[in-house]
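# Survey of secondary and tertiary structure
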Amino acid sequence: MTNQQLIDTLKGFVTEERYSLLEKKLLLRTRHITIVLENVHHEQNISAVIRTCECLGIQDLHIIENSNKHSNHPTIDRGAEKWLTIYRYNSKDENIQECIERLKANGYKIVATTPHDDATILPPTPGFGAKYAMPERSDSLYNFEISDKHIAIVIGSERMGISQYVVDNSDDFITIPMVGFTESLNLSACAAIITSYLRHEMDKRGIDMSINESERDELMIEWLKNSIRNADQVMQRIMEGN
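Thresholds, definitions, all that
Residues numbered from 1 in each chain as written. Predicted model: local features only at pLDDT ≥ 70, side-chain atom pairs only at ≥ 80, totals over all residues. Heavy atoms only, no water. Axes fitted to C-alpha atoms, helices over the stretch in contact; angles between N-to-C directions. Helix = DSSP H or I, 4+ residues; strand = E, 2+ residues; numbered from the N terminus. Parallel < 35°, antiparallel > 145°, perpendicular 65-115°, else oblique. Left-handed = near helix turned anticlockwise from the far one by under 90°. Contact = heavy atoms within 4.5 Å. Nonpolar A, V, L, I, M, F, W, Y, C, P; charged D, E, K, R; others polar. Buried < 20%, exposed > 50% of the residue type's maximum accessible area, 1.4 Å probe, protein only. Arc of directions from axis to C-beta. Polar contact = N/O pair within 3.5 Å; in protein donor to acceptor, adjacent residues only side chain to side chain. Phe/Tyr/Trp six-rings, centres within 6.5 Å; stacked < 30°, edge-to-face > 60°. Expected span 1.5 Å × (residues − 1).

### As for the packing of helix 1 (residues 3-10) against helix 8 (residues 213-227)
Working note: a packed helix pair is described by the angle between its axes plus the distance between those axes. The contact between helix 1 and helix 8 brings their axes to 10 Å, and the two run at 25 degrees. If you check the angle between helix 1 and helix 8, you find them roughly parallel. In the packing of helix 1 onto helix 8, the handedness of the crossing is left-handed. Contact residues: helix 1 offers Asn3, Gln4, Leu6, Ile7 and Leu10, while helix 8 offers Asp217, Glu218, Met220, Ile221, Leu224 and Lys225. When grouped by side-chain class, the residues that make up the contact of helix 1 with helix 8 number 6 nonpolar, 2 polar and 3 charged.

Have a look at this one:
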């Protein structure tokens, strides 16, 4: 059974209105921008980023789970997780290398977030991640050069920030300018501001961020299954009758 045949069968189990909504949202989905969360500790922060990605149409999220395995926080993500493609890296002591190599192989520019727009990144102190002093390598988000290249935004953990591996293997660094006394935002707010701005700027420049037809079909199948009660039994009946 082809993907299109499966879609034609599954859409008979949802209303026309539901199917039309899924089609509309699919056309707005993008893999042009993705988020990488490196060893974030608080599940509410991860769930908030999941919700941000879903709201802004960012299809893929990469979660590095070195010391913390994420459990979703349903009162925060509000079911957003089931509409995303989430990659989890937790099979090794340090999992960021696998993630970065995968993204680079798929043509992504690796862009790490830093806390200051004038900070030089220094080697990490024992027990901590990268340490920042006043750089030369990061730019304000609003000066970041927008192109049609795919971008992976790396956001570090609450306490330690990005790791030295990310520092050494990023293509660029950005920061969100601060004008208040507090020098940093919650990481979920950081993800929301950066992805919203990048998406807006890419739209304004006419960059095609859409997902290709083959990927849309695969997502439609997953979304239809998420919309159908007892989807596993429905799929089993469809496959047995094929």
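Back to the text.
### Looking at helix 1
Taken residue by residue, helix 1 has Leu6, Ile7 and Leu10 as its buried positions. Down the axis of helix 1, the sector holding all buried residues measures 100 degrees, keeping them to one side. Check the buried side of helix 1 and you find it contacts helix 2 (16-27), helix 8 and helix 9 (231-241).

### So, the side chain of Thr30
Inspection of the secondary structure puts Thr30 in the loop between helix 2 and strand 1 (33-38). For Thr30, the side chain forms a polar contact with the main-chain nitrogen of His32, separated by 2.9 Å.

### Some points on the packing of aromatic side chains
Summed over the entire model, instances satisfying the criterion amount to 2 aromatic pairs. Ring plane angle 90 degrees and centroid distance 5.8 Å describe the contact between Trp83 and Trp223, whose orientation is recorded as edge-to-face. Neither Trp83 nor Trp223 differs from the other in exposure class; each is buried. Ring geometry for Tyr142 versus Tyr197: centroids 4.9 Å apart, planes at 90 degrees, classification edge-to-face. Here Tyr142, found in the loop between strand 7 (138-140) and strand 8 (150-155), pairs with Tyr197, found in helix 7 (residues 187-204); they are 55 residues apart in sequence, far enough to count as distant.

### Observations concerning helix 2
Look at helix 2: 17 Å from first C-alpha to last across 12 residues, which is about the 16 Å you get at 1.5 Å a residue. Looking at the buried positions of helix 2, the neighbouring elements they touch are helix 1 and helix 8.

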